[in-house]
Amino acid sequence: MNSNIRARNKNSYDAIVVGTGISGGWAAKELTEKGLNTLVLERGRDVKHVDDYPTMLKDPWELPNNDRLSAEELKDYEKQNRTGYTVRESTKHWWVKDTDQPYEEVKPFNWIRGYHVGGRSIMWGRQSYRLSPMDFEANAKDGIGVDWPIRYSDLEDWYSYVERFAGISGRAEGLTQLPDSVFQPPMDLNCLEEHFKESIKERFDRMLTIGRVANLTEPKDGRGLCMHRNLCIRGCPYGGYFSSNASTLPAAAATGNMTLRPHSIVNSVLYDEETGKASGVEVIDSETGEMIEYYSKIIFLNASTVNTTLIMLNSRSNRFPNGLGNDSEELGHNMMDHHLSVGASGQFDGFKDKYYWGRRPNGFYIPRYRNLSDNNRDYIRGFGYQGGGSRESWVSAVRELAVGRQLKEFVQTPGTWTLGMGGFGETLPDHSNRMYLDFYKTDKWGQPTVVFDCELKENELLMRRDMMNDAAEMLEASGFKNISTYDSQPPPGHGIHEMGTARMGRDPKTSVLNGWNQIHSVKNVFVTDGSCMTSSACQNPSLTYMALTARAANFATEELKKGNL
Amino acid sequence: MKRREAIKRTAAIMGGVIFAPSILGVLKGCTATGDSWNPVLFNREQASLTKVLSETILPETDTAGAIEVGVPGFIEKMVNEVYSEEQRIGFLDGLDLFNSDCLNATGNDFADLSTDEKLEYAIEKNSVAVSNETPGAPNFFLLFKELTMVGYFTSEVGATQVLRYEPVPGFYDGCMPFEEVGRTWAT
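(A) Inspection of the overall build of chain A at higher detail. Summing up its helical and strand segments, chain A has 11 helices and 20 strands in all. In terms of C-alpha radius of gyration, chain A reaches 24 Å, essentially the compact-globule figure of 24 Å for 565 residues. Seen along its three principal axes, the alpha-carbon backbone of chain A occupies a region of about 85 × 55 × 45 Å. Across the 565 residues of chain A, 57% fall into the buried class.

What follows is the structure, encoded as structure tokens:
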């Protein structure tokens, strides 16, 4: 008994944060800065900022085989490589091996992820956009899913708060459907993008703006400027973009209140039937296989949408036989992603004496323009475009007539200007789009297997026609030639924006979390990663996770002080 | 809507040319393996052809040629390690067929042609390939040319002496006179 009490005391904290990605890093920072003794759990290995970015300074000729993996080695990454761009010699250490971490698909689903401190905040696309008042009201207005329990005004100041710390570069445009952030100076558009911007403003009254991106254009808190190498995915030696490793985790560590424990797979949340609260978490040490319990007053689940949902579904008790907080039976349902890989590109005759300097880790953004004031398409909601212009490189000379000395000379002049763009479309929450667990098929740590059963529905498919044709129409009207459209119809998950499987809502009967991201029925557990999303909007979601996490963490510490948790 | 359909149809035709099947899907980095190449996959004829054909495509000028920067070894390593079994067999067959075609057409192995004849033959092969390429059917000559170019232009010589490479650009200027950059960016 005494040794149990000692073990319990030794393993007790004020707060536990599960996960170290974008939202987990924010939870760690906020809770530790508020003085809470916080245990931060990460299922993968530790990654120290700069020290553990092994390929960050490699020149092209220092990487074997054109940075490609051998066919043999790629067999370990069959699903992770479905994007076509994720797994490279220079980045392979950031992705799980599918052979180690299998999942099942009733219908195809791309679950692309990495297990290490920092999670996907190291490899993310860094595009950072606020949701708008319209987005928080959309479900109620359209009668889709459930209503968000919060409005834009609840999150507005928290967006500003996280933007000031993270550092988002971009241009203020004053759009209702895409509120401005607290911006660092914007990056440049190039000559062709400026032309395209003016053209679609004039002909379609549509806005094109430089991407709003979490890359620094002014130094911030010991982090250096973006050097425009466009090698972000390898980890940045300058701290030029926001990642947990460069930003939130160092801030949390500086408080002296953080205990970071890598190699810690959270198997379940411990639920105390007597208090009606969670008492801690059960951890599997991934190196030793040892099961360890850690205890705390509050718990933040930030393991990423799918893994947070896995933990909750796997936390079964008398009170919650179907998973922690799952009174609504919505846990695991309403899976959303942004549907993409559809758009157009074209060539432009002109600007032949113009070129650019630097590798901008960013492109342009065309904010949503469909269905803004009323629904006048054959689908609801809308999409934004991301794209970029550039001059064709030496690559295009493969299919030119030049050979020999002539080829060497030919490639020294850059080719035609081209511009391409792809839509990012809102996905509606649909109860039938779900993930669940196969408890009979377990991995090497005894964890159940995740099964996906998701597909694009009619609204998304109808939207994709506009996403392709609008792009071609804008290019054509702007003087482009050889316009080419594409719709590669990737499966859900391809956007790597999984969302919605533990949604926020007003009613415990139809949602898992309340307006403060607390589990309705277990108030000391907060879920602030993508699983909390009630609708997807069409904007890249990470900035919203940051704001929701900071808001919930500050609420949690206040409630803790008041003795309400 | 009619205009849109027309654009779509154009795209279906153009798509095959612009996005012809190839390994170019993503282009970044490489290692050319230097001049000390000991073939492990290619036989003597295949290795010899790989050397002379890559050097014909990107010869020594005031900058080094394909052989000196290690392109032949790069090509073999890509084919041996990155290509699938099917692609590998197709490529080896392509090398053999290129040699036998050359013998039939000129009476000589490609390696035995004079420098000018090699260039002339390669230009002809390239021209036929560029105009006849069909989607879904990778053309051997263009595959070989592409591998040669990838190996060469991601080597230090190719990237920094023929093209321009800045490891740390420092900033982005989206619209400047081409003369101020001078050469195509390697990456």
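Continuing now.
(B) Representation of unusual backbone geometry. All names here are of chain A. Although it is not a glycine, His 228 sits at a positive phi angle of roughly 55 degrees. Residue placement: His 228 occurs in the loop between strand S6 (209–210) and helix H7 (244–254). By C-beta crowding, His 228 is classed as buried, having 23 other C-beta atoms within 10 Å. One non-glycine residue, Asn 482, lies in positive phi territory at about 50 degrees.

(C) Representation of helix H10 (residues 458–477) of chain A in the model. Residues and elements named next belong to chain A. Compared with an ideal rise of 1.5 Å per residue, which puts 20 residues at 28 Å, H10 spans 29 Å between its outermost C-alpha atoms and is within 8% of the ideal. Among all positions of H10, only Asn 459, Glu 460, Met 463, Arg 464, Asp 466, Met 467, Met 468, Asp 470, Ala 471, Ala 472, Met 474 and Leu 475 are buried. Trailing H10 by a residue or two, Gly 479 shows a phi angle of about 85 degrees, which is positive.

(D) Summary view of the packing of helix H2 (residues 44–57) of chain B against helix H5 (residues 115–132) of chain B. All names here are of chain B. Interhelical geometry of H2 versus H5 gives an angle of 80 degrees and a closest axis separation of 10 Å. With respect to H5, the axis of H2 lies roughly perpendicular. Between H2 and H5, the residues in contact are Val 52, Leu 53, Thr 56 and Ile 57 and Lys 118, Leu 119 and Ala 122, respectively. Residues belonging to the contact of H2 with H5 are distributed by class as follows: 5 nonpolar, 1 polar and 1 charged.

(E) Fine view of the interface of chain B and chain A. If you look at the interface, chain B gives 64 residues, while chain A gives 55 residues. Counting only elements with at least two residues in the side of chain B that touches chain A, the list comes to helix H1 (2–18), H2, helix H3 (71–82), H5, helix H6 (140–153), helix H7 (156–162), strand S1 (173–177) and helix H8 (178–181) of chain B. Broken down by element, the residue count for the side of chain B that touches chain A peaks at 8 residues, all from H1(B). Of the residues in the side of chain B that touches chain A, the class split is 38 nonpolar, 16 polar and 10 charged.

(F) Main features of helix H6 (residues 191–204) of chain A. Residues and elements named next belong to chain A. The terminal C-alpha atoms of H6 lie 20 Å apart, and with 14 residues this matches the ideal 20 Å at 1.5 Å per residue to within 8%. By the burial criterion, the buried members of H6 are Cys 191, Leu 192, Glu 193, His 195, Phe 196 and Ile 200. Following H6 by one or two positions, Asp 205 adopts a phi angle in the positive range, close to 55 degrees.

(G) Here's a closer look at the nonpolar core. Ranked by internal contacts, the top residues of the largest apolar core, which has 139 residues, are Ile16(A), Val17(A), Val18(A), Ile299(A), Ala471(A), Val525(A) and Met546(A). By residue number, the principal contributor to this core is helix H11 (residues 542–562) of chain A, which donates 9 residues. Residue contacts for Val17(A): discarding those within four places in its chain leaves Gly24(A), Ala27(A), Ala28(A), Leu31(A), Thr38(A), Val40(A), Leu41(A), Phe300(A) and Asn302(A). Of all hydrophobic cores here, the second largest spans 42 residues; its members include Tyr83(B), Phe110(B), Met149(B) and Tyr165(B).

(H) The sheet that holds strand S13 (residues 364–366) of chain A, seen in detail. Residues and elements named next belong to chain A. One open sheet holds the 6 strands; their spatial order is S6-S13-S14-S15-S11-S18, and the pairing between them is antiparallel. Edge positions in the open sheet fall to S6 and strand S18 (481–487), since each of these has one partner strand only. In this sheet, strand S15 (residues 417–425) lies alongside strand S14 (residues 383–391) in antiparallel orientation, the contact comprising 9 bridges. What sits directly across from Arg 391, in S15, is Trp 417. Together, strand S11 (342–348), S14, S15 and S18 form the strand contacts of H10, whose direction differs from that of S11 by roughly 10 degrees.

(I) Seen up close, the sheet that holds strand S17 (residues 448–453) of chain A. Residue and element names in this part refer to chain A. The 3 strands lie next to each other as S3-S17-S16, forming an open sheet whose pairing is mixed. One side of each edge strand has no neighbouring strand; the edge strands of this open sheet are strand S3 (104–105) and strand S16 (434–442). Summarising the sheet, S3 and S17 pair through 2 bridges and their orientation is parallel. Residue pairing for S17: Glu 104 is matched across the bridge by Val 451. Helix H8 (residues 305–313) contacts S16 and S17 of the sheet and is inclined by roughly 60 degrees relative to S16.

Thresholds, definitions, all that
- Residues numbered from 1 in each chain as written.
- Chains lettered and ligands numbered in written order.
- Predicted model: local features only at pLDDT ≥ 70, side-chain atom pairs only at ≥ 80, totals over all residues.
- Helix = DSSP H or I, 4+ residues; strand = E, 2+ residues; numbered from the N terminus.
- Rg over C-alpha atoms; globule rule 2.2 N^0.38 Å.
- Buried ≥ 20, exposed ≤ 12 C-beta atoms within 10 Å, placed from the backbone.
- Expected span 1.5 Å × (residues − 1).
- Axes fitted to C-alpha atoms, helices over the stretch in contact; angles between N-to-C directions.
- Parallel < 35°, antiparallel > 145°, perpendicular 65-115°, else oblique.
- Contact = placed C-beta atoms within 7 Å.
- Nonpolar A, V, L, I, M, F, W, Y, C, P; charged D, E, K, R; others polar.
- Core = buried A, V, L, I, M, F, W, Y, C linked by C-beta atoms within 7 Å.
- Pairing = 2+ DSSP bridges.

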